[in-house]
Every structure is written in C-alpha cells, then in structure tokens.
Amino acid sequence: MPAVTATAPGKIILFGEHAVVYGRPAIAVPVNQVRSRAVVNPEPAAETGRVTIQAPDIGLSATMDQLPQNHPIRFVVERVVSVSGASRLPACTIRVTSSIPFSSGMGSSAAVSVALIRAFSGFLGRPLSDELVSDLAFEVEKIQHGTPSGIDNTVITYAVPVFYQKGSQIERLKINSAITLVIADSGLTSSTAETVADVRRGWEGDAARYEELFDQIGDISRKARDIIISGNPGSLGSLMNQNQTLLKKIGVSSETLDSFVETAMASGALGAKLSGGGRGGNIIALVSEDSTTFVADALKKAGAERVFTTRILSN
Ligand code: MEV
C-alpha cells in the first residue's frame, strides 16, 4: 500500500457570511497560497488497525484510540472507514499540517477535513466522490461549529469560486476579469462557533431586525454575482463596504477589524470588509494593480500579522 498525500486550499468569503447561515446567498473563493495537507503512510510492521496521528501544528501526537470519540481527526478516520465500506484498517501514520492560519476565518478546519478525507480514502483504495467528501467535511463542521451553513466545506472541496445558498444547487462562478485582493490577518483568533452563536442570540432577541439585515446582505451577494459575471470587478468595492456596514450592525466586527478596513480604504483600496466569522481573523481589501503595494504596506504598518495578495481568476 503506497503512501497517499492530499491537500486542500484555504478560502475567503467575499460576500454574505453569517447571513448564509440563515438561507441567504453568499460568495466564497478558494485561496491557493495557503493549504492543509494530509499524508498517510503505511506501517507494515505495526499491528493491523493501529493508526497514529501526528499534527505538529497543534502539538498532537497520539494513537487514534487515545483521542476522544468526537475528535475531528478520529471522527474523519472512522467515518471514512464506514462510508468507504473498507473491511480492514491497515496500520498507518497520518500526518496533518496546514499553512492556513487557525481560527482566522480562512477555513482551516474544513481544509484539514477535506485533505484528510481524500488522503485517507485514497489510502484505503476507495477514493470518495467530491459530493461525499464535502458531505463528510460538513459533518465535521457541525461537530466543531454547531450550525454551519456548509459554504466552507463546499468551496474548499470543489476549489472553485461559488455562489452558495443552503439547499440550492451549488453555482460555480466563472471569474473572467481578475479580482485582486489583499488579505490581512489580524492575528487575533476568533471562534466561528462563538460568533455564529452570538448572532443567533441577537436574532432570537430581535428576529425582525436581523432578518432585514440578512435580506440586505443577501441582496448584496446577488448584485455581486451579477457584477462578477459581467466582468467589471472594480465596482465590487462599494458592495464590500456596504456588506461591512451590515456586518458591524449584526455585531461581528471589532475595533481592530474596523481600523484595518479604514486603513485599507485610506491607502487606496476600492472596498474592504471582514471575511469569515469576524471579531478576529482577517479583512479583505479589493485593490487595483496600482494600489496593491500601498494597501499591503499600510496594513502591515497598522499591525496586521500577515498580509498577502491573491488574484482570483477562473482557468
Ligand atoms: C464562516 O466561514 C462563515 C459563516 O457564515 C459561518 C458559516 O457559514 O457556516 C460565519
């Protein structure tokens, strides 16, 4: 049995986070500069069924039975064995690493799941379809995040820009005119489970107000899709700013994220907003070729822990 490796990209949400949990559409794109990787190596000398897990980024080195039943890595391994119908589990070592910053809104948990599901099902000789990979990763997201919308596992599994709405067919977005984004990671970790739960508390307290805000965010995602399809991405900037204002109203921005957005705008960005769960994590700024370096430098000076530029364009 040969070693099997699989990787999965990070992601950012361009429009519609949080509202997507409540059935409104959102747009997400893969970010290939950061990736999670899973490598499964056979251990022919070890006893059948012995699975060793190494995840050095989180200081984990253990055999699978030492992990709690609902540990995401153990959960994935056991689900892949059961879904793939493999009758015997060959001894192996699974090594998981990731360059996607944790708890930063870039989809690190879904990317680890997708890479692991693909590597492990490949190792068992039963590679799973994209649909099953995404469904299994969604099961893990539910353990970790409570009530996820499914957008993270979808965009990361298919690794293409998507217009996503819960319960609807996934719409792949063709991006014919490049969208250039500066991504600035605040370095402040934030749990998506917590921000999603806080938004739910707000919604329970004043459903009418939140539904109205979610409707406005959904409209922004639809307008953004039309702009992307028509190939004039420069005009996405004002929609990003409007989306940021609405995210502030639902309480998921923070002083740091607001100040990064202001810094990006003051240094020439066409629009900027937080991306993902919010509170910490990253902001994204839409830039033209001329302003990319100014915006990136200004965000570094403003204290962003990591700043990088990504160019989104369909092949
Ligand atoms: C997280 O990337 C996006 C949220 O909308 C949560 C979700 O959709 O599951 C905040």
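As the structure is a prediction and not an experimental result, all values here were calculated from the model.

1. Some remarks on the nonpolar core
Next, step 1: Formed by 103 residues in total, the largest nonpolar core has its most connected members in Phe15, Ile94, Phe120, Leu236 and Leu299.
Next, step 2: Top contributing element to this core by residue count: helix α2 (residues 108–123), with ten residues.
Next, step 3: Counting only domains with at least three residues in this core, you end up with domain 1 (4–164) and domain 2 (174–312).
Next, step 4: Not counting residues within four places of it along the chain, the set of residues in contact with Ile94 comprises Val39, Val40, Val51, Thr52, Ile53, Gln54, Val77, Leu116 and Phe120.

2. So, the site of the ligand
Next, step 1: In the vicinity of the ligand, the contacting residues are Lys11, Ile13, Glu17, His18, Val20, Val21, Pro148, Ser149, Ile151, Asp152, Val196 and Gly277.
Next, step 2: In this structure, Ser149 approaches the ligand through a side-chain N or O atom, which is 2.5 Å from an oxygen atom.
Next, step 3: Elements with a minimum of two residues in the shell around the ligand: β1 (4–15) and α4 (151–158).
Next, step 4: Among the residues making up the shell around the ligand, the classes are represented as six nonpolar, three polar and three charged.

3. Observations regarding the side chain of Lys273
Next, step 1: Relative to the helices and strands, Lys273 is located in strand β9 (residues 271–275).
Next, step 2: Here Lys273 falls in the buried class, since its relative accessible area comes to 0%.
Next, step 3: Of the polar contacts made by the side chain of Lys273, one reaches the side chain of Glu17; its length is 2.9 Å.
Next, step 4: With near-sequence residues (within four places) excluded, Lys273 lies in contact with Ile13, Leu14, Phe15, Glu17, Met240, Asn243, Gln244, Leu247, Val261, Ile283 and Ile284.

4. Notes on the sheet that holds strand β10 (residues 282–286)
Next, step 1: Here we have four strands laid out as an open sheet, ordered β9-β10-β8-β11, and antiparallel in their pairing. The open sheet has two free edges, formed respectively by β9 and β11 (306–312), since each of these has just one partner strand. In this sheet, neighbouring strand axes are inclined to one another by 25° on average, regardless of whether the strands run parallel or antiparallel.
Next, step 2: Taken together, the seven bridges between strand β8 (residues 179–185) and β11 define a ladder with antiparallel strand orientation.

5. Details of the pairing of β10
Next, step 1: With five of five residues buried, β10 lies mostly within the body of the structure.
Next, step 2: Neither face of β10 is exposed, since Asn282, Ile284 and Leu286 on one face and Ile283 and Ala285 on the opposite face are all buried.
Next, step 3: As defined by bridge partners, β8 adjoins β10 across five bridges and the pair is classed as antiparallel. Of the residues in β10, the one forming a bridge with Ile183 is Ile284.
Next, step 4: Across five bridges, β9 lies against β10 in antiparallel orientation. Opposite Gly271, over in β10, you have Leu286 as the bridge partner.
Next, step 5: Here β9 folds back onto β10 in antiparallel fashion, the turn holding six residues, of which Gly276 has a positive phi close to 105°.

6. Topic: the packing of helix α5 (residues 192–205) against helix α6 (residues 207–230)
Next, step 1: Following both chains from N to C, one finds α5 and α6 inclined at 120°, their axes separated by 5 Å at the closest point. When the axis of α5 is compared with that of α6, the two are oblique. Across the interface between the two elements, Val199, Gly202, Trp203 and Gly205 of α5 pack against Ala207, Tyr210, Glu211 and Phe214 of α6.
Next, step 2: For the contact of α5 with α6, the residue count by class is five nonpolar, two polar and one charged.

7. Some remarks on the pattern of salt bridges
Next, step 1: Summed over the entire model, instances satisfying the criterion amount to 13 salt bridges.
Next, step 2: Through salt bridges with shared partners, a single network forms among Arg24, Glu211 and Asp215.

8. Topic: the domain arrangement of the chain
Next, step 1: For the chain, the assigned domains read domain 1 (4–164) and domain 2 (174–312).
Next, step 2: Measuring from the centre of the C-alpha atoms in domain 1 to the corresponding centre in domain 2 gives 25 Å.
Next, step 3: Listed by partner, the interface residues are 30 residues for domain 1 and 45 residues for domain 2.
Next, step 4: For the pairing of domain 1 and domain 2, the buried interface totals around 3,000 Å² over both sides, and the portion due to carbon and sulfur atoms is 64%.
Next, step 5: Of all residues in domain 1, Phe15, His18 and Tyr22 bury the most surface against domain 2, accounting for 25% of the area lost on that side.
Next, step 6: For the pair domain 1 and domain 2, the number of links is three salt bridges.
Next, step 7: Here Arg24 makes a salt bridge to Glu211, at a shortest N to O gap of 2.5 Å.
Next, step 8: At the junction of domain 1 and domain 2, the tally comes to 15 residue pairs in polar contact (both at pLDDT 80 or more).
Next, step 9: Elements with a minimum of two residues in the side of domain 1 that touches domain 2: β1, β2 (26–42) and α3 (130–145).
Next, step 10: With six residues, the single largest contributor to the side of domain 1 that touches domain 2 is β2.
Next, step 11: Looking at the side of domain 1 that touches domain 2 residue by residue, the class counts come to 18 nonpolar, ten polar and two charged.

9. Some details on the pairing of β2
Next, step 1: As paired strands, β1 and β2 are joined by eleven bridges and run antiparallel to one another. Among the inter-strand pairings, Ile13 is bridged to a residue of β2, identified as Ala28.
Next, step 2: With three bridges joining them, β2 and strand β6 (residues 162–164) adopt antiparallel strand pairing. Residue pairing across strands places Ala26 opposite Tyr164, the latter belonging to β6.

The rules behind the values
- Residues numbered from 1 in each chain as written.
- Predicted model: local features only at pLDDT ≥ 70, side-chain atom pairs only at ≥ 80, totals over all residues.
- Heavy atoms only, no water.
- Core = buried A, V, L, I, M, F, W, Y, C linked by side-chain atoms within 4.5 Å.
- Buried < 20%, exposed > 50% of the residue type's maximum accessible area, 1.4 Å probe, protein only.
- Helix = DSSP H or I, 4+ residues; strand = E, 2+ residues; numbered from the N terminus.
- Domains from an automatic or database assignment.
- Contact = heavy atoms within 4.5 Å.
- Near = heavy atom within 4 Å.
- Polar contact = N/O pair within 3.5 Å; in protein donor to acceptor, adjacent residues only side chain to side chain.
- Nonpolar A, V, L, I, M, F, W, Y, C, P; charged D, E, K, R; others polar.
- Pairing = 2+ DSSP bridges.
- Axes fitted to C-alpha atoms, helices over the stretch in contact; angles between N-to-C directions.
- Parallel < 35°, antiparallel > 145°, perpendicular 65-115°, else oblique.
- Salt bridge = Lys/Arg side-chain N within 4 Å of Asp/Glu carboxyl O.
- Buried area = accessible area lost by both parts, 1.4 Å probe.

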